[in-house]
Amino acid sequence: WQYGKAGMTGSGQDLLNVPVFAIQLPNHDILITDQGNNRIIEVNLQKHIVWSYGPTSGPGALNAPNSAELLSNGHILIADELNNRIIEITRTDHIVWEYSQGLSVAAFASRLSNGDTLITDSGHSRIIEVTPSKHVVFYYFTNTSSNSNANPSPTNAVRLANGNTMIADQFNSRVIEINSMKHI
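As a starting point, this report considers the structure included with it. (Residues numbered from 1 in each chain as written. Predicted model: local features only at pLDDT ≥ 70, side-chain atom pairs only at ≥ 80, totals over all residues. Heavy atoms only, no water.)

**Examining a nonpolar patch on the surface**
So, step 1. Taken together, the side chains of Val136, Tyr139 and Phe141 present a nonpolar region at the surface, about 250 Å² in accessible area.
So, step 2. With respect to the element layout, valine 136 can be found in strand β12 (residues 136-141).
So, step 3. The class for valine 136 is partly exposed, based on a relative accessible area of 40%. (Patch = residues over 30% accessible without salt bridge, like charges linked within 9 Å, V, L, I, M, F, W, Y side chains within 5 Å. Areas by Shrake-Rupley, 256 points an atom, 1.4 Å probe, with all protein chains shown as cover. Salt bridge = Lys/Arg side-chain N within 4 Å of Asp/Glu carboxyl O. Helix = DSSP H or I, 4+ residues; strand = E, 2+ residues; numbered from the N terminus. Buried < 20%, exposed > 50% of the residue type's maximum accessible area, 1.4 Å probe, protein only.)

In structure tokens, the structure reads:
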């Protein structure tokens, strides 16, 4: 299966512009973060766009989205990278939750089983966990280790089943696993 054509950029049927993230949904459709087109699309296996989000103006407009995740409530969680925010939207395109407090280059977000959101704040070289009421309850800076790049720009963080956090620390050229005490 393939969606998009190598060497062809666009936004029409079977065309993408800088796809940066894709995940298969429980119904087998593919949720694609099409960064260059500032949109999130859901494509079925017959290559039809069955849902899309990406208004070009107004408060919902995306600016270089970097990831999208289907939540258990059916909403979509989006890391809207250059708008420096994480948004949760309904399938009818309403923003129902937003976090932007102090973010710089929102690279990735995932909803944790406790309802909190784990955010990769690449521009500040950190990972944060925020509650639904937007309180930071955990953070980790990737630029404080000896020999660290000053601005390592982590790109992804996920919470593992054992409670640790795995971080892709881009310009430090490493992947690290930290525990709740922030030890590697």
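**Thoughts on the environment of leucine 45**
So, step 1. Within the fold, leucine 45 resides in the loop between β3 (39-43) and β4 (49-53).
So, step 2. In this structure leucine 45 comes out as partly exposed when scored by relative accessible area, which is 41%.
So, step 3. Sequence separation between leucine 45 and glutamine 2 is 43 residues; the distance between their C-alpha atoms is 8.9 Å.
So, step 4. In contact with leucine 45, not counting residues within four places along its chain, are Trp1, His28 and Asp29. (Contact = heavy atoms within 4.5 Å.)

**A closer look at the packing of aromatic side chains**
So, step 1. Considering all chains together, one arrives at four aromatic pairs under this definition.
So, step 2. Ring geometry for tryptophan 1 against tyrosine 3: centres 6.4 Å apart, planes inclined by 20°, an arrangement best described as stacked.
So, step 3. Note on tyrosine 3: relative accessible area 9%, which makes it buried.
So, step 4. Ring centres 6.4 Å apart and planes at 20° place the aromatic pair tryptophan 97 and tyrosine 99 in the stacked group.
So, step 5. Its guanidinium or amino end placed over the ring of tryptophan 51, arginine 91 lies 4.9 Å from that ring's centre, counting from NZ or CZ.
So, step 6. Across from the ring centre of phenylalanine 138, 5.7 Å away, lies the NZ or CZ of arginine 159, which sits over that ring. (Phe/Tyr/Trp six-rings, centres within 6.5 Å; stacked < 30°, edge-to-face > 60°. Lys NZ or Arg CZ within 6 Å of the ring centre and 35° of its normal.)

**Here we look at the pairing of strand β13 (residues 154-159)**
So, step 1. Pairing analysis gives five bridges linking β13 to strand β14 (residues 165-169), with the strands arranged antiparallel. Looking at the pairing, proline 154 lines up with aspartate 169 of β14.
So, step 2. Counting the residues between successive antiparallel strands, the hairpin from β13 to β14 contains five residues, one of them, glycine 163, with a positive phi of roughly 95°. (Pairing = 2+ DSSP bridges.)

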